[in-house]
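Descriptive analysis of the structure
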Amino acid sequence: MRLPDSVTGSFLVVLGAASAYGGWLLPPVPGQPVGPNVFPLVIGIGLALCGLAIVFGIGHTFEEEEELIPLEDGQAAAAAPPQGKFYSLRALLPPALLLFYVVAADRLGFIITAAIMVYVTSTALGAKWKLALPLAALSPFAIHLIFGKLLRVPLPAGLLPTPW
Amino acid sequence: MSKITRRTFAASSAVVAASAAFGLRPALAQAYPARPVTLIVPWGAGGGTDATARIVAALLEKDLGQPFNVVNRTGGSGVVGHTAIATAQPDGYTIGMLTVEISMMHWQGLTELAPKSYTPLALMNEDPPGIQVSSSSPYKTVKELAEAIKAAPPGKFKASGTGQGGIWHLALVGWMQAMGLPANQVAWVPSNGAAPAMQDLAAGGLDLTTCSVPEARAIIEAGKARSLAIMAPARNPIFKDVPTLKEAMGIDYATGAWRGIGAPKNLPPEIATKLTAALKKVYDSAEFKDFMSNRGFGTVWGDAGQFGSFMDKGDAQMGEAMKAAGLSKA
Amino acid sequence: MLKTLIEAFALISTWEVIIAMFAASVYGLVIGSLPGLSATMATALLVPVTFYLSPIAAIATIVAASSMAIFSGDIPGALLRIPGTPASAAYADEAYAMTRKGQAELALGAGVWFSAVGGIAGVLSLMILAPPLAEIALSFSTFEYFWLALLGLMCATLVARSSPVKAIAGMFLGLLVSCIGIENPGGVPRFTFGLTDLFGGIEPIPALVGVFAVAQVMRAMLTPEPPPLPRRKFGSIMAGQWKLTKQYHWQMTRGNIVGIIIGVLPGAGADMAAWVSYAMSKRFSKEPEKFGTGHVEGLVEAGASNNASIASGWVPSLLFGIPGDTIAAIAIGVLYMKGLNPGPTLFTEKASSMYAIYLMFIIANILMIPLGIAMIRIAAYILLAPRSAIMPIIMLCCAVGSFAIGNNMFGVVTVAAFGIIGYVMEANGYPVAAMVLGIVMGTMVEQAFVTSLIKSDGSILPFFERPVAAILAAMAIGALLWPVMVWAWRKLKPVRTGVAATSR
């Protein structure tokens, strides 16, 4: 997801212009010399200016290279990650799982949804089933005990109610 | 293994659902409440509405023998929680605390929900707005203040107490109208609630606030501000020295922020009757009375019917004030 | 005086209070250290529990839990680069860099030690200086708040190690996020696109959790599992803290003072205290180039500052019922619920209760040291556990934590969205911490600006006329021009070939 500065900068220009325009459209509020339109306008212009500066590389010389701070005994040179075509899409897995939780939790219940989330995340990070399965079986109950029971957060029961 | 469990559970829950739908209907009312009840609060934990809901829930639990769980559904400036109450199953197992905002938000076009979207159960509390000035203010009575406001050009006086279009803003607008003045005679300075407004009043940034007297109490007791009047039909027994608007200047204007218990529309009448009766017991209990007077909250009782007509009346009043202030979209 | 002190002792030396305090301490430590849950939430979730406790025990739980949670928010920040609170976001990179250098115990030890010192300094200010501090709080009008909030925002550029332009852009993005909703001075829906859930705006906590925790899990998906840290004994946590105290006593004192003052100002709170102190520390340090590479100096000052602000934040709460921050707002609710109505009468009529609160603050901060050490020792095991066991639990905490804020699924959606935003920003060198700061401060800047203009009938003169406002204005404008001056100065200097070679 490393994009050239010109791309991110241009995006900021567009976003800034859009929010400035969006702010401009807001109606004034009676009795307020500075209405709700001003703040988005100022921010939008500021954002657009920042975007322009980034496109033209102003302030770039400032950028300190992110040096990887080595581990104390020298980090082993990491093997280059396998670069499949869709490999970078794996990064979208965590937000996708969170959205899955939103959609599924009320129907399946907290325990089942959470178990699926834990299992998938764990496997995607390279865990063998010997680790992923017990983790997925136990951790939802632990979390439910703390939040559902002790702190009375109304976690959905769904298909599999907890024994307590 | 998990597959079997899931299927068994699905099957058994279907059986439960079916028996509930056909066999057990008539028994429902006697049995109510047969399981824990959720009481939705549209505002955050620790606030005044939350505290009121929690004392009501604790006393209902004592009376009806089932847990009443308070759930704070915040977000959307109260819209989210009020929506959750309105859209829940009308089976008596989800009820909620309605607040004055329900009679305001629909005028602003923020939601479709209005008081008529609920089954009213009971009105528990109403707090009238007060009129507070800084202790260094030259105005000793509300009459002096009103004369000065009348004589000044529009917008010279600055008032605050809550956000733009909030209940205390509308109280100010209503008061101005009752005096025959335009809505913008006093400029409204929006604030994040009563406490910051009272701070700004003490810091000398404002001329008056129109939040409720209990909200202003700490600053008043610190000698940094004083309350000139309340917009209520009668004096508050805890703040006996503060006159009503009618007593002080002959203006018959009263309004207030209220809290009541409601349920989704179409709640079975036998459950509604049972809940209203239980709420009446809560209202009459010494615990509730002590708690409310401790916090300086006003107690007002209204049963289901009275609560309903109270909300309708307030709704119309709010609509008028909002139109006058140019806040209404309707 | 002595009599009330003895009465206060009697009030807190019941089993109920002792147990409540101990349990709440452990609870605060655990919740604060779970990524995705914050100190504010730890306190909010306690409210239902306090309902069943006696007044003093109820306050004890709030005091203990909030103090512990603010400290333990540093733990995931240091170990996983997932700050637990917006306050720890200011220096999470620094603490994480120290962990990578093998100095996790020094970083966390500094966190616990200077938090405790700061907390006690805060209580002392509460005990001795409450009336004059309260006067400071009441002398701040919206004009002063405007400059203060602007100064807080400037810290984003001072703290950032990346290009200042990108830091400012990140801050603007945060400000733009804070525009969402109807909680603006005009009370009109802004950028809500008709969605009810957006009316209330984007809360800082789910955004923080998204850009740090979820983005961290996303990065883990693409990078191979790093080799585990060599199994070595986790060194002594307290060793070296006394040396740091002597070495950085001036930074510590400055942190305490800044924390106390910012804490007293309603609305500012611990988040801003940590940011301002960390930025000050870097600005006035003799070796600013070391900041961000695992240098303890900034941690000392910021840690000393944010816990000091927690205690002093109770001054306006107790005297006027005006909350200093979100935690104090919840605490006020509990005080009212227990009949300890805030106001000056609390100090006179219920003096023993007041002293009991002071004592509980002191005990909580002393208790923080042994409990904090134990917590750090337990938490250190996550450095040994494989990533594939830690990250799933973090995901679960993110989901539950963001749901529990308002019992609203929209919080989970927010977290997911900010995960993506944070991931993209981080990959392209935009500091996400600057955006978090923008979200935290945005409403305050706008509110202060708009209300000030209403009060002055559109004139901007009062922004510079009032003495305190003028001083803050000079500081803010100075901080604004600082990066520009540095930039111009660097431009005038001949470009070093080394810099040119490494720049992209």
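Since the structure is predicted, the reported quantities are computational estimates derived from the model, not experimental observations. (Residues numbered from 1 in each chain as written. Chains lettered and ligands numbered in written order. Predicted model: local features only at pLDDT ≥ 70, side-chain atom pairs only at ≥ 80, totals over all residues. Heavy atoms only, no water.)

Brief notes about the overall build of chain B
The following threshold applies: Only DSSP runs of H or I with at least four residues qualify as helices, and only runs of E with at least two residues qualify as strands; both kinds are numbered from the N terminus onward. Contact between two residues is taken to exist if any of their heavy atoms lie within 4.5 Å; hydrogens are not considered. A 1.4 Å probe and the Shrake-Rupley method give the accessible areas. Residues count as covered only by the protein chains that appear here. Only four residue types enter the tally: Lys and Arg on the positive side, Asp and Glu on the negative side; His and the chain ends are excluded. Where a charge lies is defined by one atom per residue type: Lys uses NZ, Arg uses CZ, Asp uses CG and Glu uses CD.
In terms of helices and strands, chain B carries 12 helices and 11 strands. Across its three principal directions, the C-alpha atoms of chain B cover 80 × 40 × 40 Å. When contacts within chain B are restricted to residue pairs at least 6 apart in sequence, those whose partners lie at least 24 apart make up 77%. Looking at chain B as shown, the accessible area adds up to about 12900 Å², and 57% of this sits on carbon and sulfur atoms. Side chains of chain B give 30 positive and 25 negative charges; the mean places of these two sets differ by 5 Å.

Description of the pairing of strand 1 (residues 37–41) of chain B
All names here are of chain B. Selection criterion: Between buried and exposed lies partly exposed: a residue is buried under 20% and exposed over 50% of the maximum accessible area for its type, with that area taken using a 1.4 Å probe on protein chains only. Here, a strand pair is defined by DSSP locating no fewer than two bridges between the strands. Crossovers are marked right-handed if the path from the first strand over the helix to the second runs clockwise, as seen with the strands pointing away from the viewer.
Taking burial as the measure, the 5 residues of strand 1 include 4 buried ones, the bulk of the element. Bridge analysis of strand 1 against strand 2 (residues 68–72) gives 5 bridges, and the strand direction is parallel. Looking at the pairing, Ile40 lines up with Val71 of strand 2. Handedness of the crossover joining strand 1 and strand 2 through helix 3 (residues 48–64): right-handed. Relative to strand 3 (residues 94–99), strand 1 is paired through 3 bridges, and the arrangement is parallel.

Overview of the nonpolar core
Under the convention used in this document: By convention a nonpolar core is built from buried Ala, Val, Leu, Ile, Met, Phe, Trp, Tyr and Cys residues, the set being connected through side-chain atoms within 4.5 Å.
Of all hydrophobic cores here, the largest spans 323 residues; its most connected members are Phe147(A), Ile95(B), Trp175(B), Leu208(B) and Trp314(C). In this structure Trp314(C) touches Ile59(C), Ile62(C), Val63(C), Leu126(C), Ala331(C), Ile357(C) and Phe361(C), once residues within four positions along its chain are discounted. The next biggest cluster of nonpolar side chains, apart from the first, holds 5 residues, and it includes Val213(B), Ile230(B), Phe239(B) and Val242(B).

Topic: the state of the cysteines
Definition in use: Any pair of cysteine sulfurs within 2.5 Å is marked as a disulfide.
According to the stated counting rule, one finds 0 disulfides over all chains in the structure shown. Free of any disulfide, Cys50(A) has its nearest cysteine sulfur in Cys179(C), 15 Å distant. In this structure Cys398(C) is a free cysteine whose sulfur lies 7.1 Å from that of Cys397(C), the closest cysteine sulfur available. According to the relative accessible area criterion, Cys398(C) is buried, its value standing at 0%.

Remarks on the packing of aromatic side chains
Note the cut-off: Centres within 6.5 Å make a pair out of two Phe, Tyr or Trp rings, where for Trp the six-membered ring is used; the pair is then stacked when the planes are under 30 degrees apart, edge-to-face when over 60, and tilted otherwise. In our convention, an over-ring charge means Lys NZ or Arg CZ found within 6 Å of a ring centre and within 35 degrees of that ring's normal.
In this structure the tally under the stated criterion is 19 aromatic pairs over all chains. Relative to Phe464(C), the ring of Trp147(C) has its centre 5.4 Å away and its plane inclined at 55 degrees; by these criteria the two rings are tilted. Of the two residues, Trp147(C) is situated in helix 9 (residues 142–159) and Phe464(C) in helix 23 (residues 462–465); the sequence distance between them amounts to 317 residues. Taking relative accessible area as the criterion, Phe464(C) reaches 42% and is therefore assigned partly exposed. Ring pairs connect the aromatic residues Phe143(C), Phe146(C), Trp147(C), Phe449(C), Phe463(C) and Phe464(C), which therefore count as one cluster. Positioned above the aromatic ring of Phe297(B), the side-chain terminus of Arg259(B) is 4.9 Å from the ring centre.

Digging into the interface of chain C and chain A
The cut-off we apply is this: Throughout, buried area stands for the accessible area (probe radius 1.4 Å) lost by two parts on being put together, summed over both. Counted as salt bridges are all cases of a side-chain nitrogen of Lys or Arg within 4 Å of a carboxyl oxygen of Asp or Glu. The term polar contact refers here to a pair of N or O atoms within 3.5 Å; inside protein, the definition further demands a hydrogen-donor-capable atom paired with an acceptor-capable atom, and it admits residues adjacent in sequence only when both atoms are side-chain atoms. Gly counts as polar in this scheme, as do all residues outside two lists: the nonpolar Ala, Val, Leu, Ile, Met, Phe, Trp, Tyr, Cys and Pro, and the charged Asp, Glu, Lys and Arg.
With 85 residues of chain C at the interface, the matching set in chain A holds 80 residues. Carbon and sulfur atoms supply 75% of the area that chain C and chain A bury against each other, a total of about 7600 Å² over both sides. The interface formed by chain C and chain A holds 1 salt bridge in total. Taken together, the connections running from chain C to chain A amount to 6 residue pairs in polar contact (both at pLDDT 80 or more). By residue class, the composition of the side of chain C that touches chain A is 62 nonpolar, 12 polar and 11 charged.

Some thoughts on the domain arrangement of chain B
Residues and elements named next belong to chain B. Let me state the cut-off plainly: As used throughout, domain bounds are those supplied by an automatic or database domain assignment.
If you check the domain split of chain B, you get domain 1 (35–126 + 257–324) and domain 2 (130–249). Centre-to-centre, using C-alpha coordinates, domain 1 lies 27 Å away from domain 2. Counting from both sides, the interface comprises 12 residues of domain 1 and, opposite them, 12 residues of domain 2. Both sides of the domain 1 and domain 2 interface together cover about 950 Å² of buried area, and 68% of this is carbon and sulfur. Along the contact surface separating domain 1 from domain 2 lie 0 salt bridges. The tally of links between domain 1 and domain 2 comes to 1 residue pair in polar contact (both at pLDDT 80 or more).

Points about the packing of helix 4 (residues 55–72) of chain C against helix 17 (residues 326–337) of chain C
Any two packed helices are characterised by the angle at which their axes cross and by the distance between the axes. All names here are of chain C. So the rule is basically this: Here the axes come from fitting lines to C-alpha atoms, over the contacting stretch only for helices, and the angles between their N-to-C directions go from 0 to 180 degrees. Each angle is binned into one of four classes, with values under 35 degrees roughly parallel, values over 145 roughly antiparallel, values of 65 to 115 roughly perpendicular, and all other values oblique.
Put simply, helix 4 and helix 17 touch, their axes get as near as 10 Å, and they point 170 degrees apart. By the criterion of interaxial angle, the relationship of helix 4 to helix 17 is roughly antiparallel. Counting all contacts with helix 4, which are made through Ala58, Ile59, Ile62 and Ser66, the residues of helix 17 involved are Ile327, Ala331, Val334 and Leu335. Residues belonging to the contact of helix 4 with helix 17 are distributed by class as follows: 7 nonpolar, 1 polar and no charged.

Looking at helix 9 of chain C
Rules: Given the number of residues in a helix, its expected span is that number minus one, multiplied by 1.5 Å.
For helix 9 of chain C, which comprises 18 residues, the first-to-last C-alpha distance of 26 Å matches the rise-based estimate of 26 Å (1.5 Å per residue) to within 8%. For helix 9 of chain C, the buried fraction is high: 16 of the 18 residues fall into the buried class.

Section: the sheet that holds strand 2 of chain B
Residues and elements named next belong to chain B. Pairing is mixed across the open sheet formed by 6 strands, whose spatial order is 2-1-3-10-4-11. The open sheet is flanked by strand 2 and strand 11 (299–302), the only strands paired with a single partner. Strand after strand, the sheet turns through a mean of 25 degrees between neighbouring axes, direction not considered. Contacting strand 1, strand 2, strand 3, strand 4 (118–127) and strand 10 (257–264), helix 3 runs over the sheet at an angle of about 165 degrees to strand 2.

So, the domain arrangement of chain A
Under the domain assignment used here, chain A contains domain 1 (5–60) and domain 2 (92–150). Domain 1 of chain A and domain 2 of chain A are separated by 40 Å when their C-alpha centres are compared.

Points about unusual backbone geometry
Residue and element names in this part refer to chain C. Backbone geometry places Arg81, a non-glycine residue, at a positive phi of 60 degrees. Tracing the sequence through the fold places Arg81 in the loop between helix 5 (74–80) and helix 6 (86–89). What makes Arg81 buried here is its relative accessible area of 11%. Positioned with a positive phi, Asp457 is a non-glycine residue whose angle comes to about 55 degrees. On the accessibility criterion, Asp457 (58% relative accessible area) is exposed.

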